[in-house]
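# Close look at the chain arrangement
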Amino acid sequence: MSLEEQQSDEPAELESGVSRGDELADLLGDLVVGREEHMNAPGLVIRPDEVQDALFKLRDEAGFDHLSCVTAQEYEDRYESIYHLTKFDDRTDEVSVVVPTSKDNPVSQSAEPVFRTADWHEREAYDLVGIQYEDHPDLRRILLPDTWQGHPLGLDYDQDRPQIATLREHANPLEEDHRAAGDSNTMYINIGPHHPATHGVLHVETVVDGEQVVDLDADIGYLHRCEEQMCQQGTYRHQIMPYPDRWDYISAGLLNEWAYARTAEDLADIDVPEYAQIIRTMGAELCRIASHMIALGTFALDVYGDFTAIFMYAMRDREIVQNILEDLTGQRMMFNYFRLGGVVWDLPEPREEFFEKVRDFLDGLPQALEEYHDMITSNEILQARTVGTGVLPPEVAKSYGATGPVARGSGIDYDLRRDDSYGYYDELDWDVVVEDGCDNFSRLLVRMREVEESAKIIQQCVDLLEDWPEDERNIQANVPRTLKPEEDTEIYRAVEGAKGELGIYIRADGTDKPARFKIRSPCFSNLQTLPEMSEGEYIPDMIASLGSLDIVLGEVDR
Amino acid sequence: MSSEQKPFVTDDTQVQTETRDARMAGADDRFNSKLREAFGSSPFILTKFDKFMNWVRGSSMFMLQFGIACCSIEMMHTYAIKHDLDRFAAGVPRASPRQADVIIVPGTIVSKFAPRMKRVYDQMPEPKFVVGMGSCTISGGPFQEGYNVIKGAEEVIPVDIHIPGCPPRPEALIYGIAKLQERIANGESSPVTVKPYELEQFGDLESDEIVDKLAAQIDEDDLVMRYNWADSP
């Protein structure tokens, strides 16, 4: 028995006998020039100069308000952009808008006026694949240096070609305007890429007027380590699984592995034994706690200052989680524990000892959380710094495709564990945490309360595992040695990672390696909201907002 | 402890005698260390200044607070409680490169970041030391085949200690740093030559229109990184 939501290969038939694809095709009328079937959703083929019309219609008339991902790829005879649309209210209702463009003139209309998140996604598509987007406000490279030659995920890219990157001082983007006015008061500040408050190698190009941020541009790509290319070079069965651990590397490894496992299992039609699903659920939630702990610690670090008590406390609790995870998987951070069809090994022996360890941790957690609440959330200084700063209204968050604690901190009740349930989540008793303050404080609070919910889930999993009959401990399904999904099957699946919706698009080409492997990183979309939250605000509030977004550059840049 | 030696203390200096007596009587345990036993009652240690400076350098290292990728999380754990790198006189992270002695390179270096890392390294005062943490700083690690990944930190800055692992455990990092301290205390200094850095004439690159064009555009004072993937290890 599998508890994965089973999506059959056939288009979902509605009661009337008309499929969802037909319904949407009728809505769009002449805009649709062809149909495709993806495993997760119907695909509508749209002419490249009518993208905005089609997306506006789907957004306003059919309610598809969430542009989850934009996948670009090159075929032998064409380029293709796929817009994966879904709804914040109903995650299982999905549609893929497929926009093919010709080889010699790869120009396609930009979706940026419809969904603001398309801005970065299309820049990435241009950078890595080489599709041009008409109407795009700022189409330049996003991950690679400006001087880069060629588009590395295109088919004819020569990887041995020498590349040159220069390091120039960045010019003040507002300087000219102010020169015209005569007295320039603005100052240009590079924050990062080496800076303690940027949580890794993020570069924030900031223009400040006194203490206020006038203009802000997040420059990413300092950790673009070709994750998609790596995954396209690996075989489905074993060679891809180690990489997800390194996307969101803040101990969220199992959550990321699950994203790949879920996608590939649906692609190859593999059922996961129930027992393995419970282990997965427990491991994933432990990872979520570890991940939120560091978010908490570093946020306090950003807002309070140096390596103070809260950071150390958070690290202390993380160490405990990491020890448990090490017992379970054999690794502190890069677990490589999931396999397609299950997990690699059973719980460590003696099991009682392991359960006791987990229970001890869960028993100590309420007290630890109370400590955090005493020191953080009820602290006046922190409240002064976070309440009412970095405001992100829900409509804006939706337009930018923000998910995870960032969306839930803005009052959007959206959690894939519940809305598009997988694993064992729908069998357990837990709640989705939503705060509607829309500010830095709410996002912090969401994370802290999610730790409690995760603890609840782990508690239930441990109870289940403890009583599981010994002869039914089936940790892996039978999976063929070599997986070769059929040619031209396409699938986009997401899970709730620590930072939000972590999606993967795979197109199979009949071999044992994916033809296209696209990662939809939650941080990538979440980070896009930073200018929205910070422009016009004070610069320390910008740092607080950045901390509350809890980005991981490994996942932003991939 | 031999009270007969009294090499430097004369009786007509009352204060010194009192001090000596206090030390010998064990009034304060601080004075009765192993070192004191070795040197007798002399308040002086004779050594070479170089040797002394090496000892000082090895015993008080300021780390640059420098996070790149996955390894930086383990690095944070090394700084934080439980592992507490500061126990070994090597754990005060400094946010500014101008105050740091050691840079731990914790993660994958990609083409966009390499010139920045080089600049940060250049900003550190001499003598400076580099600890390469993790497989990525050795060879590019799991991402070695990537189109954008620098195949090891040695391509950009000289590395004193390589710590293998993906990521190395905090214990491994502590061991690596202890080894570095040992090396510094023994007076070994780091090499300062760097392989491919700063403006080159691009003469050894395959002649390519774009390379020529870019080379012509580059200002003499501009800092340039060149990536010749084919020749990388």
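Analysis parameters
Residues numbered from 1 in each chain as written. Chains lettered and ligands numbered in written order. Predicted model: local features only at pLDDT ≥ 70, side-chain atom pairs only at ≥ 80, totals over all residues. Heavy atoms only, no water. Helix = DSSP H or I, 4+ residues; strand = E, 2+ residues; numbered from the N terminus. Buried < 20%, exposed > 50% of the residue type's maximum accessible area, 1.4 Å probe, protein only. Contact = heavy atoms within 4.5 Å. Expected span 1.5 Å × (residues − 1). Axes fitted to C-alpha atoms, helices over the stretch in contact; angles between N-to-C directions. Parallel < 35°, antiparallel > 145°, perpendicular 65-115°, else oblique. Left-handed = near helix turned anticlockwise from the far one by under 90°. Nonpolar A, V, L, I, M, F, W, Y, C, P; charged D, E, K, R; others polar. UniProt positions renumbered as here; feature names shortened; annotations may be inferred. Phe/Tyr/Trp six-rings, centres within 6.5 Å; stacked < 30°, edge-to-face > 60°. Buried area = accessible area lost by both parts, 1.4 Å probe. Salt bridge = Lys/Arg side-chain N within 4 Å of Asp/Glu carboxyl O. Polar contact = N/O pair within 3.5 Å; in protein donor to acceptor, adjacent residues only side chain to side chain. Pairing = 2+ DSSP bridges. Right-handed = clockwise from strand over helix to strand, strands pointing away.

## Topic: the environment of W468(A)
Residues and elements named next belong to chain A.
- Within the secondary structure layout, W468 lies in the loop between α14 (440-466) and β14 (490-496).
- For W468, a relative accessible area of 15% translates into the label buried.
- For the pair W468 and L139, spaced 329 residues apart in sequence, the C-alpha to C-alpha distance is 55 Å.
- Among residues more than four places away in sequence, those in contact with W468 are E274, Y275, I278 and R473.

## Description of α14(A)
- Here α14(A) is 27 residues long and its end C-alpha atoms lie 39 Å apart, about the 39 Å a rise of 1.5 Å per residue gives.
- With 19 of 27 residues buried, α14(A) lies mostly within the body of the structure.

## Here's the deal with the packing of helix α7 (residues 274-304) of chain A against helix α9 (residues 351-377) of chain A
All names here are of chain A.
- Contact geometry of α7 with α9 gives a least axis separation of 13 Å together with a crossing angle of 30°. When the interaxial angle is binned, α7 and α9 end up roughly parallel. Seen along the crossing, α7 lies across α9 with a hand that is left-handed. Residues Y275, M282, L286, I289, M293, L296 and Y304 of α7 pack against R351, F354, F361, L365, Y372, M375 and I376 of α9.
- For the contact of α7 with α9, a count of residues per class yields 13 nonpolar, no polar and one charged.

## Overview of the UniProt feature "domain: NADH:ubiquinone oxidoreductase 30kDa subunit" (unreviewed entry) in chain A
- Sites flagged by UniProt as "domain: NADH:ubiquinone oxidoreductase 30kDa subunit" (unreviewed entry) map to residues 45-161 of chain A.
- Note that residues 45-161 of chain A is 19% helix and 29% strand, and that its end C-alpha atoms are spaced 35 Å apart.

## Focus on the packing of aromatic side chains
All names here are of chain A.
- Applying the stated criterion across every chain yields a total of 18 aromatic pairs over all chains.
- Taking 5.8 Å as the distance between ring centres and 35° as the angle between the ring planes, the aromatic pair formed by Y275 and W468 counts as tilted. Separated by 193 residues along the polypeptide, Y275 in helix α7 and W468 in the loop between α14 and β14 bring together distant segments of the chain.
- On the accessibility criterion, Y275 (1% relative accessible area) is buried.

## Focus on the interface of chain B and chain A
- Of the residues lining the interface, 55 residues belong to chain B; the matching set on chain A comes to 59 residues.
- Of the roughly 5,200 Å² buried between chain B and chain A on both sides combined, carbon and sulfur atoms contribute 63%.
- Of all residues in chain B, K112(B), R116(B) and Y147(B) bury the most surface against chain A, accounting for 17% of the area lost on that side.
- Inspection of the region where chain B meets chain A yields four salt bridges.
- The closest approach of N and O atoms between K82(B) and E319(A), which form a salt bridge, is 3.6 Å.
- For the pair chain B and chain A, the number of links is 16 residue pairs in polar contact (both at pLDDT 80 or more).

## Here's the deal with the pairing of strand β3 (residues 102-106) of chain B
Residue and element names in this part refer to chain B.
- In terms of burial, β3 is a largely internal element, five of the five residues being buried.
- Along β3, one buried face is formed by V102, I104 and P106 and the opposite face, lined by I103 and V105, is buried too.
- With five bridges joining them, β3 and strand β4 (residues 129-133) adopt parallel strand pairing. Note that in β4 the partner of I103 across the bridge is V130.
- With helix α5 (residues 114-123) bridging β3 and its parallel neighbour β4, the resulting β-α-β unit is right-handed.

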